[in-house]
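Below are the chains, spelled out letter by letter.
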Amino acid sequence: MTLLAQPHASGRSSMAALASALIFAIALFHIQVARGSGLPSDTLYARPSLLVGDKGVRLSLYCIGSGSPAVIFDSGFSDWAPAWSTVQPEIAKWTRACSYDHAGAGFSDPGPLPRTSLRIAQELHGALHRAGIEGPFILVGHAFGGDQVRTFADLYMSEVAGLVLVDADATDLEPEWMQELDRRGRPDLISYLRECRNAITGHPPLPSGVPAETLQKSCSQKVFFRGLPEVKWSQELNSKMLELAQTKSAMYDAFVSEMEQMTQDEIYLEQHQRSFGARPIRILTSGNHGVPASAPDRAAYEQEITRAQARWLGLSSNAKQLFPRSASEYIQFEDPNSVVGAVREVYEEFKKLPAARD
């Protein structure tokens, strides 16, 4: 089912209420079908849940549960909504929880280029409001998704209840030598993503000596999430994600553009260090964030990432850095309870704020 909100509709409030009711009903239907058939609830992410249009771009939103403040999840680079399949249903037991696919990724429509964090945050904000999902929002960002939620907070702080950063990228706060190291490897990844796109569309050029079929398989299995298939997912969800990876060229275009804009996104964040006041912030640090192969000392690199993430503690008078057990930056897969617990803390701490009781 799709819903494309009209930008100049006269009954804005009634449409918002209808959209909100539709989101809950559709999501509840998917969950009930999954439970009734014995299938895991992650099959919700194997199809678009609700396509909501804003500025000509329809984003696929996955909202379950009810309550306020709503929790909004933003995924890392080359990921989309299923990245939250292990934690979103748990959080939906006590408040509304929404994940989404960036424009171009998953089931969302392609969006205009360039794909900046500023544009991504604005598209999310518009889609949420057109779907009748009102703030305040608890923003949860994983890896590169941390750039998006931090940008969202800078733009719409009055609608933010709190922040959870799940091993989020902190490149804008790293030493210059690390920034240079991170940014130096991006052109190679951009070239690889373009080759992946060409492999699935049949367009040249392809890398010398690598058959298109071999490259296509390598791209679809290695580029997205922790690699496909994902052991935490059902067969149905894995099959659909592999299908998208092998057929949706717009997804590669979107990720290429996101990577091309990362440096400018980081400069924006360097220039917009906005205080959260007393709004709660929880920072989850794995100590195993992605390290470039060219890094001279892995341990020193990880220590600097931990220090860079710790600098977010200064954004709020109610901030904590937590250290879950995780062998990679995918804490939501390896230690989901730590993510759920951090979100719960932010939820309860926000409820204590005077503004939340008004």
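Our subject is the structure listed above.
None of these values were measured; they are calculated from a predicted model. (Residues numbered from 1 in each chain as written. Predicted model: local features only at pLDDT ≥ 70, side-chain atom pairs only at ≥ 80, totals over all residues. Heavy atoms only, no water.)

Chemist: I would appreciate a short explanation of the packing of aromatic side chains in the present structure.
Modeler: Each pair of aromatic rings is reported with the distance of its centres and the angle of its planes. In the structure shown here, the tally under the stated rule is 15 aromatic pairs. Arranged with centres 6.1 Å apart and planes meeting at 75°, the rings of F77 and F144 form a pair that is edge-to-face. Of this pair, F77 sits in the loop between strand 4 (70-74) and helix 2 (88-91) while F144 sits in the loop between strand 6 (137-142) and helix 4 (145-155), placing them 67 residues apart in sequence. Taken as a pair, F77 and F144 share a single burial class, namely buried. Between W177 and Y301 the ring centres are 6.3 Å apart and the planes differ by 75°, which places this aromatic pair in the edge-to-face class. A residue pair is termed long-range when its members are at least 10 positions apart, and W177 in helix 5 (residues 176-184) and Y301 in helix 10 (residues 298-310) qualify at 124 residues. The lysine or arginine in question, R344, covers the ring of W94, its NZ or CZ lying 4.5 Å from the ring centre. (Phe/Tyr/Trp six-rings, centres within 6.5 Å; stacked < 30°, edge-to-face > 60°. Helix = DSSP H or I, 4+ residues; strand = E, 2+ residues; numbered from the N terminus. Buried < 20%, exposed > 50% of the residue type's maximum accessible area, 1.4 Å probe, protein only. Lys NZ or Arg CZ within 6 Å of the ring centre and 35° of its normal.)

Chemist: Looking at this structure, how should I read helix 7 (residues 212-222)?
Modeler: The periodicity of an α-helix, 3.6 residues per turn, causes residues three or four places apart in sequence to face the same way. Within helix 7 the residues assigned to the buried category are L215, C219 and S220. The arc that holds the buried residues of helix 7, viewed along the axis, is 125°, so those residues lie on one side. Opposite its buried face, helix 7 presents the exposed residues E213, K217 and K222, each directed more than 90 degrees away. Packed against the buried residues of helix 7 are helix 6 (186-201), helix 8 (235-247) and helix 9 (249-271). (Arc of directions from axis to C-beta. Contact = heavy atoms within 4.5 Å.)

Chemist: Would you mind going over the packing of helix 6 against helix 9 with me for this structure?
Modeler: Angle between the axes and distance between the axes: these two values describe a pair of packed helices. At a closest axis distance of 8 Å, the pairing of helix 6 and helix 9 adopts a crossing angle of 165°. Judged by the angle between their axes, helix 6 and helix 9 are roughly antiparallel. Two packed elements cross with a definite hand, and for helix 6 against helix 9 that hand is left-handed. Across from R186, L189, I190, L193, R194, C196, R197, I200 and T201 in helix 6, the residues of helix 9 making contact are S249, Y252, D253, F255, V256, M259, E260, M262, T263 and E266. Here the contact of helix 6 with helix 9 is composed, by residue class, of 10 nonpolar, three polar and six charged. (Axes fitted to C-alpha atoms, helices over the stretch in contact; angles between N-to-C directions. Parallel < 35°, antiparallel > 145°, perpendicular 65-115°, else oblique. Left-handed = near helix turned anticlockwise from the far one by under 90°. Nonpolar A, V, L, I, M, F, W, Y, C, P; charged D, E, K, R; others polar.)

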